[in-house]
Amino acid sequence: MPLTDQQPLGSPFSAATTAEDIVAGHDLSGMTAVVTGGYSGLGLETSRALATAGARVIVPARRPHVARAALQEVKGSEVVPMDLTDLDSVHSAAAHIGSRIDRLDLLMAVAGVMATPERRVGPGWEGQLTANHFGHFTLACELYPLLAAAGGARVVVNSSAGHTLTGIRWHDPHFRTGYDQWLAYGQAKTANALFAVHLDALGQGDGVRAFSLHPGKIITGLQREMTLQEQIDRGWVDEHGNVIGADFKTPSQGAATGLWAATSPLLDGRGGLYLEDCDIARVSAPGTAMDDGGVRAYAIDSEEAARLWELSVAVTGAKPVIR
């Protein structure tokens, strides 16, 4: 993908745009969306907005009972049990979804974890890379025939400005030589962006286009693994846990960029792009601050994306998307 594509379009929306603003005027009747993490934080806002616009929303959930309670008033939503860190669970959820629908218009990979203590899952994989990337990678590969059948599907993957912390650590992606919770998060978010780049390259012949995005700074359940003091030290909240950062978005504003990626006609015929504030992000220079916005070149590099794809197929045994 030429980096020249990675330039703002002049979207009519902005950082202040809400989920409701994005779906206003859109009729998604007859469309089906799968939204991971669709029952809390940004995911719940995403599910609610899509359902309001008429879409059928399927929410894979690690805690199905919590998800059903949260989605009780979201008409047109249903819950499927799934744990992104358990690939058998992902396969089972994908099979269940495949038995219920014959096409999938939107796959919204919103679920994620951030800066968690060291966890080993599966055969010793690093937990953040597995939850944020390998699980979604496997789900997308399993659901790919349904995406292709839609004749114009979009896959939207929540990355983060955290990708600026590091590229893929090819020498030690699972941190076997010493764990750093923030570098592990950064690597996983870079993986999210690269996944969208190569999925788009493979899928566009079937009308499947993929995007990654930074939703903005939002306090949601994503911070649940961090102590209050850690959040205070970063200037995010006060001693009572109240958000104090001036540049924080509401959950609805945080969901807006993903919904814009899913629905905007400005993105017709485009893909493999990293988005922020309801527009295409610019490429940021190495060394610029994380909060300055933009995407690092290594997170949208087609060769890095192809290499990660090969690694992910080898690690997960997922069905390759063949063109």
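Up top is the structure.
Below, the structure is looked at part by part. Throughout, a residue's number is its position along its own chain's written sequence, starting from 1. In keeping with the model being predicted, local features are shown solely for residues with a pLDDT of at least 70 and side-chain atom pairs are shown and tallied solely at 80 or more, while totals for entire chains, interfaces and linings include all residues. Computation of side-chain values covers all heavy atoms of the structure but excludes hydrogens and water.

**A short note on helix H9 (residues 302–316)**
1) Next: Put simply, DSSP H or I for four residues or longer makes a helix, DSSP E for two residues or longer makes a strand, and each gets a number counted from the N terminus. By this rule the span expected of a helix is its residue count minus one, scaled by 1.5 Å. Here H9 contains 15 residues, and its C-alpha end-to-end distance of 21 Å stays within 8% of the 21 Å for a straight helix at 1.5 Å per residue.
2) Next: Its side-chain oxygen placed 2.9 Å from the backbone nitrogen of Glu-303, Asp-301 serves as the N-cap of H9. For this analysis, a polar contact is any N or O atom pair within 3.5 Å, provided that within protein one partner can donate a hydrogen and the other can accept it, and provided that sequence-adjacent residues contribute only side-chain to side-chain pairs.

**Overview of the packing of aromatic side chains**
1) Next: Any pair of Phe, Tyr and Trp rings, taking the six-membered ring for Trp, is counted once the centres come within 6.5 Å. Such a pair is stacked with planes under 30 degrees apart, edge-to-face with planes over 60 apart, and tilted for the rest. Following the criterion strictly, the structure yields six aromatic pairs and no others.
2) Next: Relative to Trp-309, the ring of Phe-137 has its centre 4.8 Å away and its plane inclined at 75°; by these criteria the two rings are edge-to-face. Of this pair, Phe-137 sits in helix H5 (residues 127–149) while Trp-309 is found in helix H9, placing the two residues 172 residues apart along the sequence. Assigned by exposure class, Phe-137 and Trp-309 land together as buried.
3) Next: Taken together, Phe-137, Phe-195 and Trp-309 form an aromatic cluster joined through their ring pairs.
4) Next: To sit over a ring, a charge needs its Lys NZ or Arg CZ within 6 Å of the ring centre and within 35 degrees of the ring normal. The cationic tip of Arg-169 hangs over the ring face of Phe-175; the distance from NZ or CZ to the ring centre is 3.8 Å.
5) Next: Above the face of the Trp-170 ring, Arg-307 is positioned so that its terminal group lies 4.0 Å from the ring centre. Partly exposed residues are those whose accessible area sits between 20% and 50% of the maximum for their type, while under 20% is buried and over 50% is exposed, using a 1.4 Å probe and protein chains only.

**Some words on the pattern of salt bridges**
1) Next: We define a salt bridge as a contact between a side-chain nitrogen of Lys or Arg and a carboxyl oxygen of Asp or Glu at a distance within 4 Å. Considering all chains together, one arrives at eleven salt bridges under this definition.
2) Next: Notably, a salt bridge pairs Arg-154 with Asp-268, separated by 2.6 Å at the nearest N-O pair. Linking Arg-154 in strand S7 (residues 154–158) with Asp-268 in the loop between helix H8 (251–263) and strand S9 (273–276), this pair joins segments that are 114 residues apart in sequence.
3) Next: We classify Arg-154 as buried; its relative accessible area is 9%.
4) Next: The exposed category is assigned to Asp-268, whose relative accessible area is 51%.
5) Next: Connected through salt bridges with shared partners, the residues Arg-56, Glu-78 and Arg-100 form a single ionic network.

**Structural notes on the packing of H5 against helix H6 (residues 181–203)**
A pair of packed helices is captured by two measures, namely the crossing angle of their axes and the spacing between those axes.
1) Next: Fitted lines through C-alpha atoms serve as axes, helices being fitted only where they are in contact, and the angles separating the N-to-C directions of these axes extend from 0 to 180 degrees. For the pair H5 and H6, interaxial distance at closest approach is 7 Å and the crossing angle is 15°. The orientation of H5 relative to H6 falls into the category roughly parallel. Both H5 and H6 take part in a crossing whose hand is right-handed. Contacts from Gln-128, Leu-129, Asn-132, His-133, His-136, Phe-137, Ala-140 and Tyr-144 in H5 reach Gln-181, Ala-184, Tyr-185, Gln-187, Ala-188, Lys-189, Ala-191, Asn-192, Phe-195, Leu-199, Leu-202 and Gly-203 in H6.
2) Next: Note that Gly is not counted as nonpolar here; it falls among the polar residues with everything else outside the nonpolar set of Ala, Val, Leu, Ile, Met, Phe, Trp, Tyr, Cys and Pro and the charged set of Asp, Glu, Lys and Arg. Across the contact of H5 with H6, the residue classes tally to eleven nonpolar, eight polar and one charged. Note on terminology: angles under 35 degrees are roughly parallel, angles over 145 are roughly antiparallel, angles of 65 to 115 are roughly perpendicular, and the others are oblique. The crossing is said to be left-handed when, going from far helix to near helix, the turn is anticlockwise and less than a right angle, and right-handed when the turn is clockwise. We call two residues in contact when some of their heavy atoms are within 4.5 Å.

**Focus on the nonpolar core**
1) Next: Buried Ala, Val, Leu, Ile, Met, Phe, Trp, Tyr and Cys residues form a nonpolar core when they are joined through side-chain atoms within 4.5 Å. One finds Val-35, Leu-50, Leu-71, Met-108, Leu-259, Leu-267 and Leu-275 to be the most contacted residues of the largest nonpolar core, which totals 39 residues.
2) Next: When residues of this core are assigned to their parent elements, the largest contribution, six residues, is made by H8.
3) Next: Apart from the residues within four sequence positions on either side, Val-35 is in contact with Gly-43, Thr-46, Ser-47, Leu-50, Val-57, Ile-58, Val-59, Pro-60, Met-108 and Val-110.
4) Next: Membership of the second largest hydrophobic core comes to 38 residues, among which are Leu-104, Val-121, Leu-139 and Ala-150.

**Quick notes on helix H4 (residues 87–100)**
1) Next: Spanning 14 residues, H4 covers 20 Å between terminal C-alpha atoms, matching the ideal 20 Å at 1.5 Å per step.
2) Next: Those residues of H4 that sit buried are Leu-87, Ser-89, Val-90, Ala-93, Ala-94 and Ile-97. For H4, the angular spread of buried residues about the axis comes to 150°, placing them on one side. The exposed residues of H4 that point more than 90 degrees off its buried face are Asp-88, Ala-95 and Ser-99.
3) Next: Buried-residue contacts for H4 involve strand S1 (32–36), strand S2 (56–61), strand S3 (77–81), strand S6 (125–126), H5 and H9.
4) Next: Sitting at the amino-terminal end of H4 is Asp-86, which places a side-chain oxygen 3.1 Å from the backbone nitrogen of Asp-88. Throughout, the arc means that of the directions going from the helix axis to the C-beta atoms.

**Describing the sheet that holds strand S10 (residues 279–280)**
1) Next: Two strands form a pair only when DSSP identifies at least two bridges running between them. Ordered by their spatial adjacency, eight strands build an open sheet running S3-S2-S1-S4-S7-S8-S9-S10, and the pairing between neighbours is mixed. Bordering the open sheet on either side are S3 and S10, each of which pairs with just one other strand.
2) Next: Two strands pair when backbone bridges link them, and S7 and strand S8 (residues 209–214) are joined in this way by five bridges, in the parallel orientation. Looking at S8, one finds that Val-157 is bridged to Ser-212.
3) Next: Docked against the sheet, H4 engages S1, S2 and S3, running at close to 145° with respect to S3.

**Things to note about the pairing of S2**
On a regular strand, one side chain projects to one face of the sheet and the next to the other, so that they alternate.
1) Next: The buried count for S2 comes to five of six residues, which makes it a mostly enclosed element.
2) Next: Pairing between S1 and S2: three bridges, direction parallel. Of the residues in S2, the one forming a bridge with Val-34 is Ile-58.
3) Next: Here five bridges tie S2 to S3, and the two strands are oriented parallel to one another. Looking at the pairing, Val-57 lines up with Ser-77 of S3.
4) Next: Assessed by its sense of winding, the connection that carries the chain from S2 through helix H3 (residues 64–70) to S3 is right-handed. The crossover handedness rule: strands pointing away from the viewer, path from first strand over the helix to second strand clockwise, crossover right-handed.

**Looking at unusual backbone geometry**
For residues besides glycine, phi is generally negative; the peptide bonds are generally trans as well.
1) Next: Backbone geometry at Phe-175 places phi at a positive 55°, although glycine is not the residue there.
2) Next: Topologically, Phe-175 is positioned in the loop between S7 and H6.
3) Next: The exposure class of Phe-175 is buried, given its relative accessible area of 1%.
4) Next: At Cys-278, a residue that is not glycine, the phi angle is positive and equals roughly 60°.
5) Next: Relative to the helices and strands, Cys-278 resides in the loop between S9 and S10.

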